[in-house]
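# Summary of the model geometry
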Amino acid sequence: MTMRWEAFLEQVRERGEYSTPEEAERCARVVLALLGAHLVGDVRARLAASLPETLALVLLNPLQAAEPLSPERFVRATAAWIEGATEATALWDIGAVLSTVADAADDRLMEQVLLQLPPGYDALFGQPDVVRRP
């Protein structure tokens, strides 16, 4: 089921302790654009289907990462794209957005998403130890 736009942004706003929905939207767009560059195929399409349409389109942006970013590099990249952000505030932003994404998706889909990402992303989604890697 697709999460409504207002509900998604409100959840991100509350988790990120942002003062406005616009600030929550700005962070959501950056984080989802970077995440979308690392997901492929049916998993990316199914995750997008669980998001509000505007954010689904951000996730589905056709750009692809040249190589997968480690969680640490993902945090640095997010900090670089959010004006005035530091790595610490970017980590906070990522947690607010990705934990909301995890709530919008079912457990099986989240497991498949995490299997496409380098180890350590489970913590960024607020779901440590969801995927057990060999």
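Here is a short report on the structure shown in this document. For clarity, every value in this text was computed on a predicted model and none was experimentally measured.

## Quick look at the pattern of salt bridges
Across all of its chains, the model carries eight salt bridges by this definition. Measuring nitrogen to oxygen at the nearest pair gives 2.8 Å for the salt bridge that ties Arg 13 to Glu 10. Highlighted residues: Arg 13 and Glu 10, both in helix α1 (residues 5-16), separated by three residues, approximately one helical turn. Of the residues examined, Glu 10 reaches a relative accessible area of 31% and is grouped as partly exposed.

## Here we look at the packing of α1 against helix α6 (residues 87-104)
Where α1 contacts α6, the axes come no closer than 9 Å and their chain directions differ by 140 degrees. One way to sum up the angle between α1 and α6 is to call them oblique. For the crossing formed where α1 meets α6, the hand is right-handed. Contacts between α1 and α6 involve Phe 8, Gln 11, Val 12, Arg 15 and Gly 16 on the former and, on the latter, Trp 92, Ala 96, Val 97, Ser 99, Thr 100, Val 101 and Asp 103. Of the residues belonging to the contact of α1 with α6, the class tally is six nonpolar, four polar and two charged.

## Observations concerning the packing of helix α2 (residues 21-36) against helix α5 (residues 71-81)
Relative to each other, α2 and α5 sit at 135 degrees, their axes nearing to 10 Å. Classed by the angle they form, the pair α2 and α5 counts as oblique. Crossing of α2 over α5 shows right-handed handedness. Counting all contacts with α2, which are made through Val 30, Val 31, Leu 34 and Leu 35, the residues of α5 involved are Phe 74, Ala 77, Thr 78 and Trp 81.

## Details of the nonpolar core
Grouped burial of nonpolar side chains is what soluble globular proteins tend to show. Counting 45 residues, the largest nonpolar core has Leu 35, Phe 74 and Phe 125 as the members making the most contacts within it. Contributing elements (two or more residues each) for this core: α1, α2, α3 (41-49), α4 (53-59), α5, α6, α7 (107-116) and α8 (121-124). Among all residues touching Phe 125, those that are not within four sequence positions of it are Leu 35, Leu 98, Ser 99, Val 101, Ala 102, Met 110, Val 113, Leu 114 and Leu 117.

## Things to note about unusual backbone geometry
One non-glycine residue, Glu 17, lies in the positive phi region at around 55 degrees. As for its placement among the helices and strands, Glu 17 is situated in the loop between α1 and α2. By relative accessible area, Glu 17 is classed as exposed at 64%.

## Things to note about α1
Spanning 12 residues, α1 covers 16 Å between terminal C-alpha atoms, matching the ideal 16 Å at 1.5 Å per step. Inspection of α1 places Phe 8, Leu 9, Gln 11, Val 12 and Gly 16 among the buried residues, and these make up the whole buried set. Projected onto a plane normal to the axis of α1, the buried residues spread over an arc of 160 degrees and lie on a single side. Buried residues along α1 sit against α2, α4 and α6.

Conventions used here
Residues numbered from 1 in each chain as written. Predicted model: local features only at pLDDT ≥ 70, side-chain atom pairs only at ≥ 80, totals over all residues. Heavy atoms only, no water. Salt bridge = Lys/Arg side-chain N within 4 Å of Asp/Glu carboxyl O. Helix = DSSP H or I, 4+ residues; strand = E, 2+ residues; numbered from the N terminus. Buried < 20%, exposed > 50% of the residue type's maximum accessible area, 1.4 Å probe, protein only. Axes fitted to C-alpha atoms, helices over the stretch in contact; angles between N-to-C directions. Parallel < 35°, antiparallel > 145°, perpendicular 65-115°, else oblique. Left-handed = near helix turned anticlockwise from the far one by under 90°. Contact = heavy atoms within 4.5 Å. Nonpolar A, V, L, I, M, F, W, Y, C, P; charged D, E, K, R; others polar. Core = buried A, V, L, I, M, F, W, Y, C linked by side-chain atoms within 4.5 Å. Expected span 1.5 Å × (residues − 1). Arc of directions from axis to C-beta.

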